[in-house]
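# Architecture at a glance
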Amino acid sequence: MSIMQYNGSAIVAMAGKGCVAIAADKRLGQRALTVDTEFQKVFPITDRTYIGLPGLATDVKTLYDRFRMRVNLYKHNEERTIEPKTFSHLVSHMLYERRFGPYFVEPVVAGLDKNDEPYICGMDLIGCINFAKDFIVGGTASDNLYGMCESLWEPELGPEDLFETISQALLNAVDRDALSGWGAVVHIITPEGVITRDLKGRMD
Amino acid sequence: MAALRAGEANLGTTIMAVEFDGGVVVGADSRTTTGSYIANRVTDKLTKVHEHIYCCRSGSAADTQAVADVVKYHLDMYSAQHGEAPTVKVAASLFQEICYQNKNNLSAGIIVAGWDARDGASVYNIPLGGSLHRETFAIGGSGSTYIYGYCDKVFRTGMSRDECVEFVKNSVSLAMTRDGSSGGVIRLAVITKAGVERIFVPGNMLPSQYLG
C-alpha cells in the first residue's frame, strides 16, 4: 500500500457563480482500521480562503501549522490578508523546498479573491500547481471523484445548488472507496461569509 | 499461503456463523474490493453448497468461488450416490482437503455451517492454513478481529433463533464500521430442518452504535 493511501481521504473543490465550495470526508484510518471519524482535513487560511489536505495525516497536521505561521507573518509584513492565488504559490514553494524528501500531501486550495472572483487549484506532492475553472479533486477516492464531478458539475451554480452538487459528488464517490468516508464536511465560501455543513453519510 | 495479487478481487470481509438448537444462522457483509476500490457493494458471500449447507467466503473472491464450486459438485455427487444428503461434517471435510492441500496457492478463509439429520446444527471454521475447527460460533475475515471481545462477551449457549440473528446482526455491524474492507449491507441466512430463510439488512437499517 502506498504511503499516500495509509490514512485515506477524499477532498473536492468546486467553483460556482460568485462562490466556491470545498468538501472533505472525516475518516482517519490506519490501513483498513478506522481510528477517528472526526479528523479535520480542510482548514481556513483566511476568511475567504480554505485549503484541503489529503494524504498522510501527520503531514496534514504539520503543514497546516506551517501554513498558519507563514500566513500570519505575511499579514504582519504586508498589512493585508493573503489572496488565494498568492497563497497557492506559497504552498507550492514550500512543497518544492522538500523536492527530494517531500510532504505526502496533495493540497486543494479554494477561495475568493479581492474582487470576489472564485479561485480553485490543486497541487501534486512536490508543488506542481494544477489550475482549474471547474473542480479539483484529491485523495484515495480521487478517481471516483473525477467521475462524479465530470458528470454532475455545470458552470454558474449558485451557493445552494453548488452545495447540492458538491455534496452528491463527495458522498457517492466515497461510498465506492474503502479508505474514505465515515462522515463529511462541506464549506461554501461566498462574499457574505462561509456556510459550513456536516453531511450525513454511510459509516462503513 | 498465497497473498492476493495486485488487482485481484478481495473479499475483505466479516463473516460469522452461530449454532442454535435446531439450526444455524450465517451472516456476512457485502463488500468486495480491488485495492481500495469497492468493486461490488452488494456481494452475496453466503454460498449454498447443498440444500441445508452454506459456506461463508472470505479472502480471495476467485479462490473461494472456485473452491465452493468444486465442493458443490462433490456434494451433489455424494447425494446422488448415497441417496441421502451429506452431513455438514462431510462438506467441511471436503473444504478442508482442498484448502489444506493447496494452501500455497490459495487465499481462502471459509466458514461452513448447516443442518443435517445425523448431527443437527454444526458450524466449522476453516482458516487460512486449512485446519478444521468445529465451534459453537465462528467468526472470520479481516473484520472479525474487531469483534472478538464483543462476541466472547455477548455469546452464550442456549440462545434462541431470534437471539442468534440479533447477535450476528450486531456483531457484523460493529465490524463493518471499523474495518475498511467490510461494509455495505448485511446478509443473513437461517438454516433449519424446514429449509433456508434469507434475511437482508440494508445499510440504513443497521443496528445503532456509537459513531464518533
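Residues numbered from 1 in each chain as written. Chains lettered and ligands numbered in written order. Predicted model: local features only at pLDDT ≥ 70, side-chain atom pairs only at ≥ 80, totals over all residues. Heavy atoms only, no water.

## A closer look at the side chain of B:Glu8
Residues and elements named next belong to chain B. In this structure, Glu8 sits in the segment before strand E1 (10-11). Judged by its relative accessible area of 16%, Glu8 is buried. Within the structure, Glu8 has its side chain in polar contact with the backbone nitrogen of Arg5 (distance 2.9 Å). Apart from residues lying up to four places away in sequence, Glu8 is in contact with Thr33, Thr34, Ser60 and Asp63. (Helix = DSSP H or I, 4+ residues; strand = E, 2+ residues; numbered from the N terminus. Buried < 20%, exposed > 50% of the residue type's maximum accessible area, 1.4 Å probe, protein only. Polar contact = N/O pair within 3.5 Å; in protein donor to acceptor, adjacent residues only side chain to side chain. Contact = heavy atoms within 4.5 Å.)

## What about a nonpolar patch on the surface?
Residue and element names in this part refer to chain A. A cluster of nonpolar side chains, Met1, Ile3 and Tyr6, forms an exposed patch at the surface whose accessible area comes to about 280 Å². Along the polypeptide, Ile3 turns up in the segment before strand E1 (10-15). Overall, the relative accessible area of 39% leaves Ile3 in the partly exposed class. (Patch = residues over 30% accessible without salt bridge, like charges linked within 9 Å, V, L, I, M, F, W, Y side chains within 5 Å. Areas by Shrake-Rupley, 256 points an atom, 1.4 Å probe, with all protein chains shown as cover. Salt bridge = Lys/Arg side-chain N within 4 Å of Asp/Glu carboxyl O.)

## Quick word on the sheet that holds strand E5 (residues 42-44) of chain A
Residues and elements named next belong to chain A. Taken together, 5 strands build an open sheet; the order of strands is E5-E6-E7-E8-E9 and the sheet is antiparallel. Edge strands, defined here as strands with exactly one partner in the open sheet, are E5 and strand E9 (129-132). Neighbour-to-neighbour, the strand axes of this sheet turn through a mean angle of 20 degrees, independent of strand direction. Each of strand E6 (49-52), strand E7 (108-112), strand E8 (118-123) and E9 touches helix H2 (residues 84-96); the most contacted strand, E8, lies at about 10 degrees to it. (Pairing = 2+ DSSP bridges. Axes fitted to C-alpha atoms, helices over the stretch in contact; angles between N-to-C directions.)

## As for the pattern of salt bridges
Counted according to the given criterion, the structure contains 19 salt bridges over all chains. A salt bridge links A:Lys26 to A:Glu38, with the shortest nitrogen-to-oxygen separation between them at 3.2 Å. Separated by 12 residues along the polypeptide, A:Lys26 in the loop between strand E2 (20-25) and strand E3 (28-30) and A:Glu38 in the loop between strand E4 (33-36) and E5 bring together distant segments of the chain. On the basis of relative accessibility, which here comes to 7%, the residue A:Lys26 falls in the buried class. One salt bridge connects B:Asp44 with B:Arg198, and the closest N-O pair in it is separated by 2.9 Å. Of the two residues, B:Asp44 sits in the loop between strand E5 (37-40) and strand E6 (46-50) while B:Arg198 sits in strand E13 (residues 195-201), which places them 154 residues apart along the sequence. Judged by its relative accessible area of 31%, B:Asp44 is partly exposed.

## As for the interface of chain B and chain A
Think of interface size as the accessible area that goes away when the parts come together; that is how it is often given. Listed by partner, the interface residues are 22 residues for chain B and 17 residues for chain A. Area buried by chain B at its contact with chain A is led by B:Ser36, B:Arg178 and B:Leu211, which between them contribute 32% of it. Our count for the chain B to chain A interface comes out at 1 salt bridge. Of the charged contacts, one joins A:Asp204 and B:Arg31 as a salt bridge, the two residues approaching to 3.3 Å between their closest N and O atoms. There are 11 residue pairs in polar contact (both at pLDDT 80 or more) connecting chain B and chain A. Residue assignment for the side of chain B that touches chain A shows that the elements contributing at least two residues are E5 and helix H4 (161-178) of chain B. Among the elements that make up the side of chain B that touches chain A, the one with the highest residue count is E5(B) (4 residues). Taken together, the residues of the side of chain B that touches chain A sort by class into 7 nonpolar, 11 polar and 4 charged. (Buried area = accessible area lost by both parts, 1.4 Å probe. Nonpolar A, V, L, I, M, F, W, Y, C, P; charged D, E, K, R; others polar.)

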